[in-house]
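# Working through the structure, step by step
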Amino acid sequence: MRVLCLGAVLLLTLAAGTNAAIIGWECEDDGDGAVTMGAIDLTLDSQTGDYTLSIVETMNWAPAHIEGSFTTDTPTDPNVWIIKEITNNTGYTWDGYIFNIYMQQPFDITAASAPMGWAALPGTVSSGSFLDSHGYAWDYMGVVNYSSLASAYDLQPGQAGDFGAKVSFLGSVSFQVEQIAVPEPATLALLAVGGLFLRRRYA
């Protein structure tokens, strides 16, 4: 029995050792007020070897950005779930959401998760020269598109939803997640009419 237990421990250790360990990390908003961050934590699932970066935040307008870095002990690939509990404080209803994920080295988006009644579609990661909405240049960019499956699941002002993306990358890396809330059509029409009214008033 003791031998079996030691063997199980050894197998778990070997499985966990196949990926890099994250020995340091940081994450914060960019300070422009578009997003207000609350609790944030990084945890390791010892069974899967995956990390989860859990972020509680309130989104005040779009686009919003969080940025940070992971420091690893080896140049192999850790897997990190970036899970954001996002409260809608924009004043309009969302029926879509977008994560633009930027890094300076190759990475993959291997999975995505969405609130109940929403679908998540992770895209392929492209290399090149990509400018975020602040005008900063990045070498790699991947996109996750989230969409509400019915108006009953749209995120109203004051409601929150969990949006997640699982990323895999090689070694230490800096990253940015650019978040864009998509207004549902009726709200979009009202926003357009409001913008037209303001344009006429101040023209």
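The following paragraphs examine the structure supplied in this document. As a convention, each chain's residues are numbered from 1 in the sequence order in which they are written. Under the rules for a predicted model, residues below a pLDDT of 70 receive no local features and side-chain atom pairs below 80 are neither given nor counted, while totals for whole chains, interfaces and linings still include all residues. Only hydrogens and water are set aside when side-chain values are computed; all heavy atoms of the structure are taken into account.

### Quick notes on the sheet that holds strand 11 (residues 160-169)
- What makes two strands pair is DSSP finding at least two bridges between them. Helix and strand labels come from DSSP, where a helix needs a run of H or I of at least four residues and a strand needs a run of E of at least two; each type is numbered from the N terminus. Spatially, the 5 strands line up as an open sheet ordered 2-3-5-11-7, and their pairing is mixed. Each edge of the open sheet is held by one strand with a lone partner, namely strand 2 (35-44) and strand 7 (107-113). Sheet twist, expressed as the average angle between the axes of neighbouring strands with direction ignored, equals 20°. Here an angle of 0 to 180 degrees is reported between the N-to-C directions of two axes, which are lines fitted to C-alpha atoms, with helices fitted over the stretch in contact.

### Comments concerning the packing of aromatic side chains
- For Phe, Tyr and Trp, rings pair up if their centres lie within 6.5 Å, where Trp contributes its six-membered ring, and each pair is then called stacked (planes under 30 degrees apart), edge-to-face (over 60) or tilted (otherwise). Counted by the stated rule, this structure contains 9 aromatic pairs.
- With 5.1 Å between their ring centres and 40° between their planes, W94 and Y97 make a pair best called tilted.
- Accessibility expressed as a relative area gives 0% for W94, which makes it buried.
- Exposed residues in this analysis have more than 50% of their type's maximum accessible area, buried residues have under 20%, and partly exposed residues fall in between, with area computed by a 1.4 Å probe over protein chains only. Classification of Y97 as buried rests on a relative accessible area of 0%.
- Ring geometry for Y97 and F163: centres 4.7 Å apart, planes at 20°, overall stacked. Pair noted here: Y97 is in strand 6 (residues 94-103) and F163 is in strand 11, with a separation of 66 residues, a long-range link. The two residues Y97 and F163 agree in class, both being buried.
- Taken together, the ring pairs in this structure connect W94, Y97, F99, W118, Y146 and F163 into an aromatic cluster.

### Quick notes on the nonpolar core
- Here, nonpolar core refers to any group of buried Ala, Val, Leu, Ile, Met, Phe, Trp, Tyr and Cys residues whose side-chain atoms link them within 4.5 Å. Ranked by size, the top nonpolar core spans 36 residues in total, and within it F70, V80, W94, Y97, F99 and V167 carry the most contacts.
- Among the elements that make up this core, the one with the highest residue count is strand 6 (5 residues).

### Re the pairing of strand 11
- With respect to burial, strand 11 is a largely interior element, 8 of its 10 residues being buried.
- Summarising the sheet, strand 5 (residues 79-88) and strand 11 pair through 9 bridges and their orientation is antiparallel. The partner of E85 across the bridge, within strand 11, is D162.
- Here strand 7 runs beside strand 11; their pairing, made up of 6 bridges, is antiparallel. Of the residues in strand 11, the one forming a bridge with A112 is A165.

### With respect to the environment of V167
- Tracing the chain through its elements places V167 in strand 11.
- Pairs of residues are marked as contacts when any of their non-hydrogen atoms sit within 4.5 Å. Among residues more than four places away in sequence, those in contact with V167 are P78, N79, V80, I82, I101, M103, F107, D108 and I109.

### Focus on the environment of F169
- As for its position among the elements, F169 is in strand 11.
- Classification of F169 as buried rests on a relative accessible area of 1%.
- For the pair F169 and P75, spaced 94 residues apart in sequence, the C-alpha separation works out to 9.0 Å.
- Once you skip the residues sitting within four places of it in the chain, F169 turns out to touch F70, T76, D77, P78, V80, M103, P106 and F107.

That's the geometry; what it means functionally is another story.
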